[in-house]
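# Fold and contact review
Now for the letters of each chain:
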Amino acid sequence: MTFKAPVADILYTLDHIAGFSQLVDEGMFGELDMETVAAILEESGRFANEELAPLNRKGDETPAKLVGKDVETPSGWIEAYKLFVDGGWNALACPEEFGGQDLPVAISMAATEMWGGANMAFALGPLLTSGAVEAVSHYAAPELKARFLPKMVSGEWTGSMQLTEPQAGSDLRFLKTRAVPQEDGSYKITGTKIFITYGEHPMTENIVHLVLARLPDAPTGTKGISMFVVPKFLVGDDGSLGARNDVFCSKLEHKLGIHGSPTCVMNFGDEGGATGWLVGEANRGLNYMFLMMNRARISVGMQGIGLAEHAYQDALAYAQERRQGSAAGVPNTEMAPIIMGLTNAVALDVARHGRDEATRKRAEAEAALLTPLSKAYGSDISVEVASEALQVHGGMGFIEETGAAQHYRDARITPIYEGTNGIQALDLVGRKLLMNEGEVVRTFLAGLQEIVANVPTEANSPFGTTARCLGQGMADLVECSLWLGKKLAENPSAALAGATSYAKMFSLVAGGTLLARGALSAIRKGDNAAETQTLLARHFAETQVASSSGLKHAVYHSADTVLGEKADAILQ
């Protein structure tokens, strides 16, 4: 099966829905224009189609493997990564000061979607490197930035994110990795990390690990965690590589999917201690890592959307070729999470480039609100669409040769890593709902209500019952938001019991409303896609947003069955 990056859909979303083209026209990004944006995305789509997609199946069939202490990647991986670096793709949104192109986050996220859709296992490496660049550029001392960032930005060196330990998964209170200060200002790192994507590989000459560890006098819990830069090879003052550091991969995990990407168990200090340097202030490591994690969470959502696109294209092609019974492809539902992810990315761009501090702060808050939604909904959709795509293939979908099974296996990790989707829901309700005393959510919902008010309600309108469905969805979402806000003060456990249902409702209502905004914009501008996008907005509103009433019931009543002694008895 071939893959065709959905460049036209992405450009449509940037133009009509996410508000990106308006920011470009206003000059927020200097001399950048939409013609240049289109050219960049066309070329990144070509790279996805021609260089990455052909390696996708090969990576699944010949996984990365550990030979001694070295990792071998699938055939073609090293050559493709060199082309990736030579094309400047790693540097898209990186700081210009260190060799980056400083392009908008929205462009980077659009490219991430296409690369993830073409070959998710490959694209995970650059995803993590960009997150590491973000953390180092924001928090590291100038000498560390100068030493590591230029080659991380270019992609000559990659980065890894090292949090999880055997006894400390999502709950980092129990993290045990130690960092002992040395007389020269460095630290000796000892401990074990697990689930480290691209913790070891042969594609670059050095890997810069960002490691969470505890200092000897650190307080207990998450407040006692610091972040350290720990390179695979030590780096001299002139940028040359020195001795191999005391950090090695001791095992590769055998996984359900994303076989081409090495997922490593990393040992620090088997020979006395790995040398590392403190990033920022002591005991602030978790705060710093959240910057990297939040960017990775949006990226994972975008990768999930890309994978859903790939599964959709394969299923549609199979259904059209196999004339048996009623041949129909799976619904093209990934457009809504594309909208969520790119709207999130545009908010990050405004937070960075907005014309005044108030605008930047509002955008930063909106980006924080949308991040758990982008990650959770985009990744959930990847599993749902991959499953439906497998179903379209019938019995052949269960057979590996069609490739449908790989999409399903690869997709299943996306709701798990970079914070499970349950954690995203808890973050949305427990933290984001009450940001600025609820003002962030109120402002965002008010903007959605303005859109709904403009959707035609005439009986003969091509929008059908879109306005009614969106109106009911908005009413349910507002009601649940107010109820949860009060419940958090009275009984937090009862509020959090309905968090997953609330997150899904929020995503569906927001996604459906933004689809309608896109259709209205296309009609107003006379875009050729107006009729198709109106039909898509109507379909989503009438089949997806219409489920809001059931989700509202779940928000209100989940605590009745999951809390208390009777629930505990069932679980025993």
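Quick notes on the rules
Residues numbered from 1 in each chain as written. Predicted model: local features only at pLDDT ≥ 70, side-chain atom pairs only at ≥ 80, totals over all residues. Heavy atoms only, no water. Patch = residues over 30% accessible without salt bridge, like charges linked within 9 Å, V, L, I, M, F, W, Y side chains within 5 Å. Areas by Shrake-Rupley, 256 points an atom, 1.4 Å probe, with all protein chains shown as cover. Salt bridge = Lys/Arg side-chain N within 4 Å of Asp/Glu carboxyl O. Helix = DSSP H or I, 4+ residues; strand = E, 2+ residues; numbered from the N terminus. Buried < 20%, exposed > 50% of the residue type's maximum accessible area, 1.4 Å probe, protein only. Lys, Arg positive; Asp, Glu negative; His and termini not counted. Contact = heavy atoms within 4.5 Å. 1 Å grid on protein atoms, 1.4 Å probe; cavity = no way out; pocket = protein on both sides within 12 Å on 5 of 7 lines; lining within 4 Å. Points joined across faces, edges and corners; volume = space filled by probe spheres on them. Nonpolar A, V, L, I, M, F, W, Y, C, P; charged D, E, K, R; others polar. Expected span 1.5 Å × (residues − 1). Bend = angle between axes of the 7 residues up to and from the residue. Pairing = 2+ DSSP bridges.

### Description of a nonpolar patch on the surface
- On the surface, M396, F398 and I399 cluster together to form a nonpolar patch covering roughly 310 Å² of accessible area.
- Looking at the element boundaries, I399 is found in the loop between helix 10 (357-392) and helix 11 (404-411).

### Let's talk about the pattern of salt bridges
- Following the criterion strictly, the structure yields 24 salt bridges and no others.
- Between D427 and R431 there is a salt bridge, with its nearest N and O atoms 3.5 Å apart. Of this pair, D427 and R431 are both found in helix 12 (residues 421-432), four residues apart, which corresponds to roughly one turn of the helix.
- D427 sits in the buried class, given a relative accessible area of 8%.
- It is possible to trace a salt-bridge network through shared partners that takes in E43, R46 and E50.

### Quick word on the side chain of R297
- Of note, R297 is situated in helix 8 (residues 285-321).
- Although buried, R297 forms no salt bridge, and the nearest oppositely charged side chain, D427, lies 5.1 Å from it.
- Here R297 is in contact with F290, T371, K375, E418, G419 and Q424, once residues within four sequence places are set aside.

### Topic: the layout of surface pockets
- The calculated volume of the second largest pocket comes to roughly 340 Å³.
- Along the wall of the second largest pocket there are 25 residues; nearest its centre are A93, C94, S108, S130 and R295.
- Those elements giving two or more residues to the lining of the second largest pocket turn out to be helix 5 (105-118), helix 6 (120-139) and helix 8.
- Looking at the lining of the second largest pocket, the element that brings in the most residues is helix 6, giving eight residues.
- Considered class by class, the residues forming the lining of the second largest pocket number 12 nonpolar, nine polar and four charged.

### A short note on helix 7 (residues 142-154)
- Between its terminal C-alpha atoms helix 7 stretches 18 Å, which fits the 18 Å expected from 13 residues at 1.5 Å a residue.
- Of all the bends in helix 7, the largest measures some 40° and sits at F148, one to four residues before the proline P150.
- Three or more residues of helix 7 are buried, namely L144, K145, F148, L149, M152 and V153.
- Check the buried side of helix 7 and you find it contacts helix 6, strand 6 (207-213), strand 7 (226-231), strand 8 (233-235) and strand 12 (274-279).
- Among the residues trailing helix 7, G155 stands out with phi positive, at a value near 95°.

### Thoughts on the environment of G550
- Here G550 shows up in helix 18 (residues 548-562).
- With relative accessibility at 44%, the residue G550 sits in the partly exposed group.
- Each C-alpha atom of the pair G550 and L92 lies 42 Å from the other, and the pair is 458 residues apart in sequence.

### Quick notes on the pairing of strand 12
- With respect to burial, strand 12 is a largely interior element, six of its six residues being buried.
- The pairing of strand 5 (residues 187-197) with strand 12 spans three bridges and is classified as antiparallel. What sits directly across from I189, in strand 12, is A274.
- One ladder, built from three bridges, connects strand 7 with strand 12; its direction is antiparallel. Within strand 12, the residue paired with M227 across the bridge is V279.

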